[in-house]
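Inside the fold
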Amino acid sequence: MTTIPTYDAIRAIAQRLVHERYPTAVAAIIGGSFATGRQTPSSDIDLLLLFDHVDWAWRDTIVAEGRTVELFAHDVATFTYFCKEMDAPGGTVPLAMMVVEGENIVAAGDAYAQLHALAHAFVTAGPPALDAENLQRRRYAITTALEDLVDSMHPGEALAVACQLYEALADLHLRAAGQWSGGGKHLFRRLQAFDPAIAGQLDGALRLASGDLPAGQRAFRQVVAAVLAPVGGPLLDGFTLPAPAHWRA
């Protein structure tokens, strides 16, 4: 039986790795599953390395002592850019979450203190508010996807649409409430932490759609109504999306 490694064992691997390969790092933060106690036997080590200066930020995947390590290398300026310009507009701040939730495993100095303050500020500020056009696009996409689902008589097609709806509904529910979103398992975790009732409804609807399509269709009708009601309800009639004038051959 495969065992789940302890945090202390993973911490020791990461410390040896940083000491041997990245001795100039001024901070090295273990984030991800090991930082939050959700590790599995095959969990990789998410490790954010902070340097006084890098010519450019970089990401690397390596294997250290038999364990996959996902490296994210930054200085304060590149970290700030990635959080503000690359991640936050999409409603997620994975790098900032790594810093807030994780542990620095090298001697902490002013650079780490600055990084931690920046990360905490990003997380606390919340994502950018959804503008009217973005909200309309989302309402329309969810409304049409629900129509596809309830009209479907092909289990495979219906399940594909149900998966699409799950992601769209979870992300909208979080973003409309000013909450950070996520992808994959992180999307479920964010939704579960924010609104366990909606998380349970969505999870149940998706499971039903895969095993009892009529019941799944009814369940998705209910959860779509619950999520769209606070943001204006379903949208079909009156939705318009003009293309920019320069989009022509």
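A brief structural summary.

**Some words on a nonpolar patch on the surface**
- Residues Tyr81, Phe82 and Met86 make up a contiguous nonpolar surface patch of about 310 Å² in total accessible area.
- The topology assignment puts Tyr81 in helix H3 (residues 76-87).
- With relative accessibility at 47%, the residue Tyr81 sits in the partly exposed group.

**Description of the nonpolar core**
- By size, the foremost hydrophobic cluster in this structure holds 29 residues, and its most contacted members are Leu149, Leu165, Leu169, Leu202 and Phe220.
- Residue assignment for this core shows that the elements contributing at least two residues are helix H6 (132-151), helix H7 (155-176), helix H8 (185-194), helix H9 (196-211) and helix H10 (213-228).
- The element that contributes the greatest number of residues to this core is H7, accounting for 9 residues.
- Apart from residues lying up to four places away in sequence, Leu202 is in contact with Tyr166, Leu169, Ala170, Leu191, Phe220 and Val223.

**Brief notes about the environment of Ala111**
- Here Ala111 lies in helix H5 (residues 110-125).
- Ala111 gets classed as partly exposed once you look at its relative accessible area, which sits at 22%.
- For the pair formed by Ala111 and Leu146, sequence separation is 35 residues and the distance between their alpha carbons is 49 Å.
- Ignoring sequence-local partners within four residues, the contact set of Ala111 consists of Val26, Leu50 and Val76.

**Thoughts on the sheet that holds strand E5 (residues 103-104)**
- On the basis of which strands lie adjacent, the open sheet formed by 5 strands has the order E3-E4-E2-E1-E5 and mixed pairing. Bordering the open sheet on either side are strand E3 (58-64) and E5, each of which pairs with just one other strand.
- The strands that helix H1 (residues 7-21) touches are strand E1 (27-31), strand E2 (45-50), E3, strand E4 (67-74) and E5; relative to E2, the one it contacts most, it runs at about 40°.
- Packing of helix H4 (residues 94-101) onto the sheet brings it into contact with E1, E2, E4 and E5, and relative to E2 it is tilted by some 95°.

Conventions and cut-offs
- Residues numbered from 1 in each chain as written.
- Predicted model: local features only at pLDDT ≥ 70, side-chain atom pairs only at ≥ 80, totals over all residues.
- Heavy atoms only, no water.
- Patch = residues over 30% accessible without salt bridge, like charges linked within 9 Å, V, L, I, M, F, W, Y side chains within 5 Å.
- Areas by Shrake-Rupley, 256 points an atom, 1.4 Å probe, with all protein chains shown as cover.
- Salt bridge = Lys/Arg side-chain N within 4 Å of Asp/Glu carboxyl O.
- Helix = DSSP H or I, 4+ residues; strand = E, 2+ residues; numbered from the N terminus.
- Buried < 20%, exposed > 50% of the residue type's maximum accessible area, 1.4 Å probe, protein only.
- Core = buried A, V, L, I, M, F, W, Y, C linked by side-chain atoms within 4.5 Å.
- Contact = heavy atoms within 4.5 Å.
- Pairing = 2+ DSSP bridges.
- Axes fitted to C-alpha atoms, helices over the stretch in contact; angles between N-to-C directions.

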